[in-house]
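# A structural walkthrough
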Amino acid sequence: MSNKDYYERWLKIKEQMKQTLAEDERVQELATGFIGIKPQATAVEIVARVYCKYCEIYNKLCDCYDQMEQVQRRPFIKKIIDAVTCRLLELKMTLEEVEVFEFTYPENALQQMLIVPQDVQVLCPFFYPFEIRQAEMQYIIDEILSGNRLGDPTPTPSEIERREEERLEEENRKREEKEAEVKRRLAMGEELSVSEDSVHLSPEELEEIRLKEEYERHIFNIQRMERSRMVTRENTHKFNKDANLYLELAGLKAPQAPEPLRIKAASFIQRIYRKFMKIKRSQVRDRCLKTKLGMIIPSWSPPSAKIQLEKVKEDRRNYRRNYYEKWIQANLKEKSRVLKLREGDIMEDISSEIRQWLQEWYNEVRLFDEFPWPEEGGSILIVQGETFTIEEYVEWKLAEEKRLKAEAGSPKSKEQIKAEKIAARQEKKRLEDEAKIKEAKRLLDYKKSRLNPDNDPGIYLTIGKNLDRLIEAWKNYQTQWKSIDSPDAPLNAIKGYIMQLVTEDAYQDVQLQLRPIVDEMMRLELNLLKNSLKADYLAAGISKPPQSKKRKKPRKPKAPRSDKMSPAAMFQILADNGIVRKYPHTTLDDYWGDQNYAAADTRAVLWTPSFPPPCIGDVREQVRVRCVLTLGSSCPNAVRSQLLVGPKGAGKRTLVYAIATETNSILIDLSPMNIFDKFPGPKNMKTMFQLVNRVSRLMQPTVILVDNADKVFYKKVPKEEKMFDPTRLQKDFFKELIKPIQASEDKILILGTASEPWLAKNPQMYKVFPSLILIPRTDYGSISYILTKMLMKYHGMNREFNVHSVAQILRGYDINTIKKAVNNLMNGKRVAQLAYKPLQPLEVVSAVLEYEGGKYTDVEDYDMFQQWYLSYSPWGQKYLDYMVMLESQYVYKLKAEKKKKG
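Predicted model only: the values in this text are computed from it and were never measured. (Residues numbered from 1 in each chain as written. Predicted model: local features only at pLDDT ≥ 70, side-chain atom pairs only at ≥ 80, totals over all residues. Heavy atoms only, no water.)

With that out of the way, let us pick up the overall build of the protein. For the protein, the count of helices and strands is 31 helices and six strands. Whereas a compact globule of 902 residues would reach a radius of gyration of roughly 29 Å, the protein reaches 38 Å, over 25% beyond that. With respect to the principal axes defined by its C-alpha atoms, the protein has extents near 155 × 105 × 75 Å. Looking at the protein as a whole, 38% of its 902 residues qualify as buried. In the protein, the proportion of contacts linking residues at least 24 apart, taken out of those at least 6 apart, comes to 83%. Approximately 55000 Å² of the protein is accessible, and the part contributed by carbon and sulfur atoms is 56%. The distance from the centre of the 149 positive side-chain charges to the centre of the 132 negative ones in the protein is 4 Å. (Helix = DSSP H or I, 4+ residues; strand = E, 2+ residues; numbered from the N terminus. Rg over C-alpha atoms; globule rule 2.2 N^0.38 Å. Buried < 20%, exposed > 50% of the residue type's maximum accessible area, 1.4 Å probe, protein only. Contact = heavy atoms within 4.5 Å. Areas by Shrake-Rupley, 256 points an atom, 1.4 Å probe, with all protein chains shown as cover. Lys, Arg positive; Asp, Glu negative; His and termini not counted. Charge placed at Lys NZ, Arg CZ, Asp CG, Glu CD.)

Pasting the structure below:
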C-alpha cells in the first residue's frame with residue numbers, strides 16, 4: 001500500500017478505536033457496578049466481543065507502526081500498542097474467569113461481528129525483536145553463536161609465545177607425517193595425489209563447492225535421462241519402420257478395411273472422444289471450484305504473495321529509516337538554533353512562572369512553600385501542579401495546630417508512643433483479617449446463591465486496571481494530533497516529519513535542559529525571600545513565623561554497579577558451557593494442528609453444556625497470547641513463567657524454539673541434564689545465576705528453558721538419576737531467577753517442560769510456575785489436517801484420499817511420529833508408483849504403527865495428566881465448583897418442571 005493508503009487506514013483505526021473504547025467502558029461499568037450477567041454464554045459473548053475487537057486493532061496498529069513513514073506519529077502508536085497489549089492480557093484473564101477454563105472460545109462473538117478466527121489471531125509484531133536489543137549486543141550474540149570468540153582476556157606475552165611454539169610444533173608434526181606418507185607411497189609404487197588437506201578453504205567456500213557439485217550432478221542426471229529417452233525413441237521408431245517395410249515387401253501386411261467401415265469407425269471414435277472431453281472439462285470445472293472453496297488441496301501452489309509482500313515491507317522500512325535519520329538531524333539542528341537564539345527568553349519565562357508561584361503563596365498566606373528537590377523534578381512539579389496547594393496547606397495547618405495542642409495538654413512518653421504504634425499495627429492487621437474473612441464469606445454466599453437458578457445473581461466481571469492506561473495513551477495522542485489528522489492532511493502529516501512539531505519539541509528539550517539551572521538560581525532567591533520574611537516577622541514581634549510542611553528529601557537512586565566482566569566475556573562463558581546455545585529456526589506455523597470450532601456451541605448450552613477437550617491448534621493460540629505477547633509486553637501483571645505439560649513427543653520443545661524464534665530471543669538452557677556437570681558447588685552455582693541474570697537482562701528478550709522441570713522438583717530422585725543431581729536448582733531457583741524479574745521492564749520468559757509432573761512436589765513447582773499450558777492428546781481434527789497437508793503435496797495423490805478414517809485410527813500418536821512415518825513411506829519409488837498404484841489408507845496406518853520409536857498416548861495415560869492438572873492448577877478446583885453449580889441448577893430445573901406437570 002502507498003503512504004496515503006496507510007494514512008486512510010489509520011483514520012479508520014481511530015474510529016474503530018473510539019468505538020471499542022466506548023464498548024470497553026460499558027463492560028467496565030458492569031464490573032464496577034457488580035452487575036451480574038447470566039446465562040454464562042451471554043457473559044462470554046460480552047467479554048469476547050471486546051477482546052476480539054482489541055485483537056483486530058492490535059494487529060492493525062502493529063502493521064501501521066511497522067510501515068508508516070510519518071516518524072513523529074510512531075512513538076505515540078508504540079505507547080498505544082503497549083497499552084492495548086496490557087488490556088488484551090487482562091481481558092484474556094477475564095474471559096478465562098468467565099468461561100472457567102484456560103482455553104477460551106470466542107467463536108459465537110465472531111459470528112455476530114461477521115469476522116473469521118484468522119482476523120483475531122494475535123501476530124508477533126515486527127518491532128519486538130528488533131527495537132528492544134541494542135545493536136552492540138546483537139553483534140556479540142551473532143559472533144559468538146557463529147563460532148567466533150569474543151570477550152577472552154588479552155593474552156600475556158608469554159602466553160602468545162607459548163601458543164606460537166605449539167602452532168609451530170603442530171605444523172612440524174603434520175609436515176613429517178606427510179613426508180613419511182610420500183616416502184611410503186614411493187616405496188610401494190603408488191601414485192602421488194594432491195592431498196585435500198594441503199588446500200585450506202573456508203567453511204563458506206566448502207559449502208559453495210558442495211552446492212555447485214550437487215547442482216552439476218543433478219544437471220548431469222537430467223541430461224543423461226533425456227539422451228536415453230531420445231535414443232530409445234529413435235530406436236523404437238526405426239524398428240517399427242523396418243518391420244512395416246518387411247511385412248509390405250513380403251506380402252504379409254494386412255489389407256486396409258473398406259472405406260465405409262473406416263468412416264464409421266472414425267465417427268464412432270470422434271463421438272466417444274467428444275463425450276470424453278465433455279466429461280473431462282466438467283471434471284476440471286468441478287476441480288477448480290472445489291480448489292477455490294478449499295475442498296481440494298492442489299499439489300502445486302503459485303509462489304506465495306507473502307514473500308513478495310515481505311520484500312515490499314522491507315523496502316518501506318528502509319524509507320522509514322531514512323526519514324528517521326533526517327528527523328534526528330533536524331531535531332539536533334533546531335535544538336541548537338533555539339538554544340542559541342532563545343536561551344535568555346526561555347530562562348526568563350521559567351523564572352516568571354516560579355516567581356508567580358511564590359507571589360501567590362505570599363499574597364494568600366504570607367509565607368513561601370518548600371521548593372521541590374532536584375531528585376523529584378524541581379520546578380517541573382510546580383508547572384504540573386503536583387506541589388502543596390494553598391488549600392491543602394490551610395487544612396494541614398489546622399490539623400497541625402490541633403495536634404500540637406493535644407500534645408501540649410498531655411505529653412506522651414516514649415513507651416506510650418511505642419504502645420500506640422503497636423496498637424495501630426495490630427488494629428491494621430485485625431482489619432485486614434476481618435476483610436479477608438468478609439471476602440471469604442461473600443464468596444461462599446455467592447457460590448451458595450448460584451446453586452439455585454432462581455436466586456442466581458449471575459457472573460460478575462473482573463474490574464480491569466489497564467483501561468485507564470489505554471485511555472490516557474489515547475488522549476495523549478489525540479491532544480497532539482487531533483488538529484493534524486484530517487482527511488485532507490498535508491504531505492508531511494502522511495510521510496516524513498512536520499517541522500512545526502520539531503520546533504515545539506526543541507523548545508521543550510531546551511526548557512528541560514535549562515530548568516535545573518534556573519531552579520538553582522531561584523532556590524537562592526527563595527532563601528533571600530525567606531530571610532527577609534523572617535526579619536519582617538521578628539520586627540513585628542513574632543518569634544516563630546509560620547512555615548509550610550517540610551518536604552522529605554528523596555533518596556538518590558543508586559548508580560548501577562559496573563560489571564567486572566564485559567557482556568561479551570559473560571556471554572562467552574555461558575556459550576562455552578553450553579548454557580547459551582543455538583536453536584533451530586522454528587515458527588508457530590510449524591506447530592501443525594487444528595482448532596476446536598465446536599467447543600463454543602457445546603459450552604453455551606444452558607444447564608447441560610458439554611466440555612470437549614482442547615485441540616492442538618488451541619494450544620498454539622494459547623502460547624501466542626501467554627508467551628509471545630507476554631514476552632514483549634511491559635505489563636506489571638504479566639506472568640513471566642510458564643510450564644508446558646504434555647506426553648512425550650507432544651512438541652513442547654518445538655513450542656519453546658518457536659517462541660524464541662518469533663521474538664528473536666536468546667535461549668538459556670538450565671535443564672537439569674544440561675547443567676549437572678557445570679559450575680559445581682554452591683559458590684560456582686551462585687556465579688552461574690549471576691551470569692544468567694546479567695546476560696538475560698543485557699541481551700533481552702531472553703527465554704530461559706528448564707527442560708524436564710518436573711525433575712528439578714522431584715519428590716524422590718530415582719537411583720539411576722542421583723548421579724546427575726537434578727534437584728540442585730530447586731532451593732535457589734525462585735530466589736535467584738523468578739524474584740528479580742521486573743515484569744514492567746524485563747523482557748524475560750521462563751519456560752519449563754514436564755512429561756511426568758506427578759513425580760514433582762506441587763507446592764514448590766507451583767511457586768516457580770504458577771501458570772501452565774496442558775498440551776492435549778492428538779485429536780482427529782489435527783491429524784486430519786496434518787495428513788492432508790503432507791499427502792496432498794504429491795502430484796499423483798488422489799485428491800479424494802480418505803484421511804478421515806486414517807485420522808480416527810491414529811488418534812493418540814504424536815505429530816512427529818506421524819510426520820516421520822509418512823515421509824519414510826512416501827519415498828521416491830512409492831511416489832513414482834502413485835500414477836498406477838494409488839496410495840491406500842492401510843499403508844499410512846501400517847507405516848505409523850511400524851515406525852520405530854513412535855510414541856502413543858492412550859486415554860488412560862492421558863487421564864493421569866488430567867487428574868494431576870485438577871490437583872495442581874487453580875482452574876481444576878474452579879472447574880469442579882462450576883460443575884457442582886451446573887448440576888445443582890439442573891436438578892432445581894427438573895424439579896420445577898415436574899411441579900408444573902403435576
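Of the two faces of strand E3 (residues 666-669), the one carrying Ile666 and Ile668 and the one carrying Leu667 and Asp669 are both buried. Relative to E3, strand E1 (residues 580-581) is paired through two bridges, and the arrangement is antiparallel. Bridging from a neighbouring strand, arginine 581 pairs with leucine 667 of E3. The sheet contact formed by E3 and strand E4 (residues 702-706) spans four bridges and is parallel. Each bridged residue has a counterpart across the sheet, and for isoleucine 666 the counterpart in E4 is threonine 702. (Pairing = 2+ DSSP bridges.)

Counting 61 residues, the largest nonpolar core has Tyr54, Leu61, Ile80, Val84 and Leu470 as its most contacted members. Mapped by element, the contributors of at least two residues to this core are helix H1 (3-32), helix H2 (40-67), helix H3 (74-99), helix H4 (107-113), helix H14 (467-481) and helix H18 (616-631). With 15 residues, H2 is the single largest residue contributor to this core. Leaving out residues up to four positions away in the same chain, isoleucine 80 has contacts with Met17, Leu61, Leu470, Ala473, Trp474 and Tyr477. One finds Leu588, Val628, Leu751 and Val845 within the second-largest nonpolar core, a separate group that totals 55 residues. (Core = buried A, V, L, I, M, F, W, Y, C linked by side-chain atoms within 4.5 Å.)

A word on unusual backbone geometry. Cis geometry marks the peptide bond from lysine 38 to proline 39, where omega comes out at 0°. For proline 39, the location among the structural elements is in the loop between H1 and H2. With an omega of 5°, the peptide bond running from glutamine 700 to proline 701 counts as cis. You can see proline 701 is positioned in the loop between helix H21 (682-698) and E4. For phenylalanine 679, which is not glycine, the phi torsion reads 50° and is therefore positive. Here phenylalanine 679 shows up in the loop between helix H20 (672-675) and H21. In this model, aspartate 725 sits at a positive phi of 45°, which is unusual for a non-glycine residue. The topology assignment puts aspartate 725 in the loop between helix H22 (709-712) and helix H23 (733-738). The class of aspartate 725 is partly exposed, set by a relative accessible area of 39%.

Pairing between sheet strands relies on hydrogen bonds along the backbone, with the strands arranged either parallel or antiparallel. Pairing within the open sheet is mixed, and its six strands lie in the order E1-E3-E4-E5-E2-E6. Pairing within the sheet leaves two strands with one partner each, and these edge strands are E1 and strand E6 (771-774). Sheet topology note: the strand E2 (residues 641-645)/E6 ladder contains four bridges and is parallel. Residue pairing for E6: leucine 644 is matched across the bridge by isoleucine 773.

Averaged over every residue, the pLDDT of the protein is 83; residues scoring 70 or more account for 94%. Taken element by element, the protein is modelled with least confidence in helix H5 (residues 127-130), mean pLDDT 56, and with most confidence in helix H9 (residues 259-293), mean pLDDT 91. Per-residue pLDDT stays below 50 along residues 194-199; that stretch engages in one contact with residues further than four places along the chain or on separate chains. (pLDDT = per-residue confidence, 0-100.)

On to the state of the cysteines. What the rule picks out here adds up to one disulfide. In this model, cysteine 86 is linked to cysteine 635 through a disulfide, with the two sulfur atoms separated by 2.2 Å. Of note, the bridge from cysteine 86 to cysteine 635 carries an S-S torsion of about -105° and is left-handed in sense. In this pair, cysteine 86 is assigned in helix H3 and cysteine 635 in the loop between H18 and E2, connecting sequence segments 549 residues apart. In this structure cysteine 64 is a free cysteine whose sulfur lies 9.7 Å from that of cysteine 62, the closest cysteine sulfur available. (Disulfide = S-S within 2.5 Å.)

Mapping asparagine 59 onto the fold places it in helix H2. The residues contacting asparagine 59, other than those within four sequence positions of it, are Asp119, Val120, Gln121, Val122 and Leu123.

Between its first and last C-alpha atoms helix H31 (residues 874-901) spans 41 Å; for 28 residues at 1.5 Å apiece the expected length is 40 Å, and the two agree. Every buried residue of H31 is listed here: Trp875, Gly876, Tyr882, Met885, Leu886, Ser888 and Gln889. Check the buried side of H31 and you find it contacts H2, H3 and helix H30 (859-872). (Expected span 1.5 Å × (residues − 1).)

It is worth spelling out the pattern of salt bridges at this point. Scanning the entire structure with this criterion turns up 45 salt bridges. We note a salt bridge from glutamate 164 to arginine 167, for which the minimum N-O separation is 2.3 Å. Of this pair, glutamate 164 and arginine 167 both sit in helix H7 (residues 157-188), three residues apart, which is roughly one turn of that helix. According to the relative accessible area criterion, glutamate 164 is partly exposed, its value standing at 35%. Here arginine 167 falls in the partly exposed class, since its relative accessible area comes to 40%. One salt bridge in this structure joins arginine 515 and glutamate 353, with 3.6 Å as the shortest N-O distance. In this pair, arginine 515 is assigned in helix H15 (residues 499-539) and glutamate 353 in helix H10 (residues 305-365), connecting sequence segments 162 residues apart. (Salt bridge = Lys/Arg side-chain N within 4 Å of Asp/Glu carboxyl O.)

Here we come to a positive patch on the surface. Residues Lys686, Lys731, Lys735, Lys739 and Lys767 make up a contiguous surface patch of positive charge. Mapped onto the elements, lysine 767 comes out in helix H24 (residues 762-768). Looking at lysine 767, the relative accessible area reads 52%, which means it is exposed. (Patch = residues over 30% accessible without salt bridge, like charges linked within 9 Å, V, L, I, M, F, W, Y side chains within 5 Å.)

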